[in-house]
Amino acid sequence: HGMTPDSLPFDDGAFDAVVLDNVLEHIDRPEALLAEIRRVLEPDGRLLAGVPGRKGFALDPDHKVHYDEATLLRLLEHNGFACERVFHMPFRCPALEGRMRQYCRYGLFRPREA
C-alpha cells in the first residue's frame, strides 16, 4: 500500500516531534504537507526541518527548490510555524556551503496558535 500524497495516516496531535531531514527541497509545493504536519503535531510539538546547502542542492538532479535561511524561515512561517532556532551542520560557514556536499541548515519550529 502506498501513502496518499500530502495526507498523513495519523490522528490529530499524534506526535510531539516531526523531522523533515533533506525532504523539502524535493517538493515543488510543500504547503499541503506542512499543513498535515501541523495537524499531526501536538500543540506543544516541534518540527525539525533540514535542507542542503548550495553544493548539496546542486549535486542532486531531483532537487527542485533551494532554500537559503531566509526562504526556509519564510516558508515555515507562512505555513503556521514559528522558528525557535536555526543551526548549521557542521557549523555556520558560507564558504563551506558552496564546497561541502553534506553542509545543511536546520530550523527548529513550533506550531503557531491558529
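Residues numbered from 1 in each chain as written. Predicted model: local features only at pLDDT ≥ 70, side-chain atom pairs only at ≥ 80, totals over all residues. Heavy atoms only, no water.

Notes on the pairing of strand S4 (residues 104-111)
Phase 1 of the analysis: Most of S4 is tucked away, with six of its eight residues classed as buried.
Phase 2 of the analysis: Judged from the six bridges that link them, strand S2 (residues 41-52) and S4 form a sheet pairing that is antiparallel. Bridge pairing in S4 places Ala 49 opposite Gly 107.
Phase 3 of the analysis: Two strands pair when backbone bridges link them, and strand S3 (residues 81-89) and S4 are joined in this way by eight bridges, in the antiparallel orientation. Paired with Val 86 across the two strands is Gly 107, which belongs to S4. (Buried < 20%, exposed > 50% of the residue type's maximum accessible area, 1.4 Å probe, protein only. Helix = DSSP H or I, 4+ residues; strand = E, 2+ residues; numbered from the N terminus. Pairing = 2+ DSSP bridges.)

Notes on the pattern of salt bridges
Phase 1 of the analysis: Summed over all chains, the structure comprises eight salt bridges.
Phase 2 of the analysis: Here Arg 39 ties to Glu 36 by a salt bridge, and the two come within 2.8 Å at their closest N and O atoms. Note that Arg 39 and Glu 36 are positioned in helix H1 (residues 31-40) at a spacing of three residues, about one turn of the helix.
Phase 3 of the analysis: Accessibility expressed as a relative area gives 26% for Arg 39, which makes it partly exposed. (Salt bridge = Lys/Arg side-chain N within 4 Å of Asp/Glu carboxyl O.)

That's the geometry; what it means functionally is another story.
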